[in-house]
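Next come the chains, spelled out residue by residue.
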Amino acid sequence: MPKVLFYCYYLFFERDFEYTFPFQNVILLVKHALDPSVQNMKIRLEVTNGAVSVQSEFAGTLELTSCEVEMATRFQVTVLRLLIDNKLDKFSGGIGLHYKTEISKNQIMYLLLPLVKTCPKLALSLIDWTRIRHAASIDLVNGCNTGITGLSRSNHRILANEQGDLIQTACGTVPMDMLEDSIVETPHNGNVYCILNVLKNLNAASPIVSEKCTSGEIRTYTEHFRNRHGITLRYQCQPLLSARPLFRVENFLLRRPKAEKASASNFTVELPPELCKFVCLHISPSILYTFSFLPSVMHRIESMLSAAQLQRIFSNQWPYNFRVPTTKVLEALTMKNCQECMSLETLETLGDAFLKYVASRHVFTTYSQKHEGQLTSRRKQIISNHALYKISCGRQIPGYIRNECFDVQQWIIPGQHLVLHSGNLQNNFHILENMHIKGYRTMKTKNVADVVEALIGACLETGGEIVALSFMKWLGMDIDIHREMPSTRKLDTGFVSNVNVPYFRSLLNYSFRVHTLLVESVTHASYKEPPFSGCYQRLEFLGDAVLDYLITFYFYKTNPGLSPGLLTDLRSAAVNNDCYAQAAVKWNLHQQLRHASSVLHNQITDFARCISSSSASQDQFFGWTNTEVAVPKVLGDLIESIAGAVLVDSDFDTKLVWDAMKPLLEPLVTPKTMKYQPVRELQELCQKESYKCRYHPSQEEGTSTVKVEVTVKDDRYIETCDASNQRTAKKLAAEKVLKSLKGVCHTCGTW
């Protein structure tokens, strides 16, 4: 008889809580060796009362005959279908095994089998073939185990002498000792139970201690079944059976809030044997308990294999030996909708910042004569959602994306109604062919674009800029960042001396090789003085992107495990015009700005005076100003243009840029010092507390006025603020209303 070679992996289960039933050792058999990243992986599953960890470990190889494969497949399908459906009425068409006596070498399949014990040296004898054989004899259509219904009366007498007294069941008489560790159905309600033990001290005439009639009399089991179900129990003296409902299969990969966690249920019932229709013998509760976790375990393994395949595809295109960890690739492929402990959001934020920087650098060096608006338009063509979606489809990335919760009811049990595909043996499981999930998926363009950015972030975090750039090249992005620096204007010494070069050298701890870049970085468009006619806008465009990237990367690295929302908040609080403008005033950079606008001069002077007189200005500007004076955009642009100048002058050395600019921006915001933008904070408060919030803007004689009105039940809170622009007026009005609301909430204890 031909044999089939399987690669075998132990699955070890542990938990951090107490429970009645122990785990059963399980072995996973697959036709092809798993990817190295999956062979020894740890999976965390969350349950209502704690966490379960599953560790895989390579055990060796085994050969099975086709008959053994058929029996093992029947066991696997039967047990998992019972656990998933918890009913027998869904099996009218049988268990629907899909197998062939001649097993193709190209078929991809796996088996999950219980073990008697684990051993360093793998052997067939370690597999619990006795229990597998019993489960394989189940007739789910007729509801009885053929091992029971096939027993003759004479066999009953023999077994009774050997194993104990006979018990009358719905399937006939069976020895008492055969009842434990069995699965039964109660036809009167269609429920399926595991039999735990025989209650020799209880029978149908025994009182139900925990349940009383309205008259106060304690009912017996006979009365209970007659009154509740209309059933008359015939065998009054037979001992009852202690049973519990089948374990339910859930998506244990879901992230569960701590508030949801509770003690495990050990609910049991007492069943009269005559109402029990036996389905399976010798399947212990420990096997059923362990197998209830296996769909979640296998879904994670299948997802890892899919991620490993994508990782191999793009890693093989690189000229050097580096592989992004498969766990990071899987994280980048997992949407928030999956509701698991991982999602792409943090990596997407990181990748988005790096992609913006690389695209900005590309268009800056490629189009040396284009102004800022034209560069922005060119960059958008590269990094737009549509552009990222298009290139991702060329690499079949959407097929790897996980954008839905794992639905156990849609999971296809291997071996049941499964058309097994042939394919490249090196690929283990091919994209969706290895994902045992029914149905089709739909995805938005933005979701696919987010995954592309997250994959870039994963490459950046684990391999640095070179690996991230190599991945972008593999994607097919038309980005050339190795162009030479565009030619700079040659200015005479006298003209350059108008800029305080020594001051910048000391402030930045950096010496410009090309002073023209420094002059350009501090020159406003209003300033016209031959022979220099340029301004800082192009450098500001580049500096905005590089600072966004460097600050985001800094927060990511210095705050391990930071939640996606908090990373975005830190990034928003540090990368904004308010923060940059305050830094410019703090370091007197506003005095170095070359411009020819009286209006701009007055705006800068008023803002600098307001910042200098503010008690909160000394090393405490974390994100947003609370001044009544509008923040001049030009001051934020000044910080960005200086960063752009250092980047170009240093031949795009981002480390030098960070070393030069970080001291200017310090102290950088932290999770403890971060302030939310008042308009956003008010919006979130109103959404959380179901308050109604309305803004009423108006404009008169160059002054912007914003009135904000918040309705809290029968009370209204109204604040009106004036400013030179609507944005500032809205921010100030929101801040005033927040102070009023916080006072009310503190008083009533709801804040």
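Only a predicted model underlies this, so the values are computations on that prediction, with no experimental measurement involved.

Turning next to the overall build of the protein. A tally of helices and strands in the protein yields 24 helices and 19 strands. Within the protein, the fraction of its 751 residues that count as buried is 54%. Within the protein, residue pairs in contact and separated by at least 24 positions form 73% of the contacts whose partners lie at least 6 positions apart. Taken as a whole, the protein presents about 34400 Å² of accessible surface, with 48% of it coming from carbon and sulfur.

Along the chain, Ser206 turns up in the loop between β11 (191-203) and β12 (207-212). One polar contact links the side chain of Ser206 to the main-chain amide nitrogen of Asn203, over a distance of 3.0 Å. Setting aside chain neighbours within four positions, we find Ser206 in contact with Asn201, Arg219, Thr220 and Tyr221.

Taking strand neighbours across the sheet as the criterion, the 3 strands line up as β17-β18-β19 in an open arrangement whose pairing is antiparallel. Of all strands in the sheet, those bounded by a partner on one side alone are β17 (692-700) and β19 (715-723). Adjacent strand axes in the sheet meet at a mean angle of 15°, parallel and antiparallel pairs treated alike. Pairing analysis gives 9 bridges linking strand β18 (residues 703-712) to β19, with the strands arranged antiparallel. Bridging from a neighbouring strand, Lys707 pairs with Thr720 of β19. Relative to the sheet, helix α23 (residues 678-689) contacts β17 and β18, its axis offset from that of β17 by approximately 150°.

What follows concerns the nonpolar core. In globular proteins that are soluble, nonpolar side chains generally tend to be buried together. Residues Phe13, Leu28, Phe291, Leu508 and Ile639 are the most contacted members of the largest nonpolar core, which totals 186 residues. Ranked by the residues each element gives to this core, the list is headed by helix α13 (residues 445-475), at 16 residues. Not counting residues within four places of it along the chain, the set of residues in contact with Phe291 comprises Val26, Phe75, Val79, Leu80, Leu83, Leu112, Leu113 and Pro114. Counting 17 residues, the second largest nonpolar core, distinct from the first, contains Val174, Met178, Tyr193 and Ile195.

Those residues of helix α15 (residues 501-508) that fall on the buried side of the exposure criterion are Val501, Phe504, Leu507 and Leu508. One side of α15 carries all its buried residues, which in axial view fall inside an arc of 130°. N-cap assignment for α15: the residue whose side-chain oxygen lies 3.1 Å from the backbone N of Tyr503 is Asn500. Of the residues trailing α15, Asn509 is marked for its positive phi of about 55°.

A word on the confidence of the model for the protein. Scored by pLDDT, the protein comes out at a mean of 83, with 82% of its residues at no less than 70. In this model residues 92-108 is a low-confidence stretch, pLDDT under 50, and it forms 45 contacts with partners more than four residues away in sequence or in other chains.

This part covers the pattern of salt bridges. Under the counting rule described, the total for this entry stands at 24 salt bridges. The partner of Asp35 in a salt bridge is Arg312, with the nearest N and O atoms 2.8 Å apart. With a gap of 277 residues between them, Asp35 in the loop between β2 (26-30) and α1 (36-39) and Arg312 in helix α8 (residues 294-315) connect regions that are remote in the sequence. Residues participating in the shared-partner salt-bridge network are Asp352, Lys356, Asp544, Asp548 and Arg571.

Bringing the packing of helix α19 (residues 577-586) against helix α20 (residues 598-613) into the picture now. Running from N to C, α19 and α20 point in directions that differ by 80°, and their axes come no closer than 10 Å. With respect to their mutual orientation, α19 and α20 come out roughly perpendicular. Of the residues in α20, those in contact with Ala581, Gln582 and Val585 of α19 are Phe607, Ala608 and Ile611. Each residue belonging to the contact of α19 with α20 can be placed in one class, and the counts come to 5 nonpolar, 1 polar and no charged.

Here we take up the environment of Pro697. Position of Pro697 among the secondary structure elements: in strand β17. Relative accessible area serves as the criterion here: at 47%, Pro697 is assigned to the partly exposed category. If we ignore the near neighbours within four places in the chain, the residues touching Pro697 are Thr705, Val706 and Gln726.

This brings us to the packing of α8 against helix α9 (residues 326-333). When two helices pack together, you describe them by how their axes are tilted relative to each other and by the distance separating the axes. It is the contact of α8 with α9, at a shortest axis distance of 8 Å, that shows an interaxial angle of 105°. With respect to α9, the axis of α8 lies roughly perpendicular. Along the contact surface, α8 presents Arg300, Ser303, Met304, Ala307, Ala308, Leu310, Gln311 and Phe314, while α9 presents Thr326, Thr327, Val329, Leu330 and Leu333. Tallied by class, the residues present in the contact of α8 with α9 amount to 8 nonpolar, 4 polar and 1 charged.

Another point: the pairing of strand β3 (residues 42-47). Examined bridge by bridge, β3 and strand β4 (residues 50-65) share 6 bridges and lie antiparallel to one another. For Val47, the partnering residue across the bridge sits in β4 and is Gly50. Following β3, the chain reverses through 2 residues before pairing antiparallel with β4.

Moving on, we get to the pairing of strand β8 (residues 166-169). Covered by surrounding structure in β8 are Ile167 and Thr169 only, the residues Leu166 and Gln168 on the alternate face being uncovered. As paired elements, β8 and strand β9 (residues 172-175) share 4 bridges and run antiparallel to each other. Its bridge partner being in β9, Ile167 is matched across the sheet by Val174. From the end of β8 to the start of β9, which pair antiparallel, there are 2 residues.

Conventions and cut-offs
Residues numbered from 1 in each chain as written. Predicted model: local features only at pLDDT ≥ 70, side-chain atom pairs only at ≥ 80, totals over all residues. Heavy atoms only, no water. Helix = DSSP H or I, 4+ residues; strand = E, 2+ residues; numbered from the N terminus. Buried < 20%, exposed > 50% of the residue type's maximum accessible area, 1.4 Å probe, protein only. Contact = heavy atoms within 4.5 Å. Areas by Shrake-Rupley, 256 points an atom, 1.4 Å probe, with all protein chains shown as cover. Polar contact = N/O pair within 3.5 Å; in protein donor to acceptor, adjacent residues only side chain to side chain. Pairing = 2+ DSSP bridges. Axes fitted to C-alpha atoms, helices over the stretch in contact; angles between N-to-C directions. Core = buried A, V, L, I, M, F, W, Y, C linked by side-chain atoms within 4.5 Å. Arc of directions from axis to C-beta. pLDDT = per-residue confidence, 0-100. Salt bridge = Lys/Arg side-chain N within 4 Å of Asp/Glu carboxyl O. Parallel < 35°, antiparallel > 145°, perpendicular 65-115°, else oblique. Nonpolar A, V, L, I, M, F, W, Y, C, P; charged D, E, K, R; others polar.

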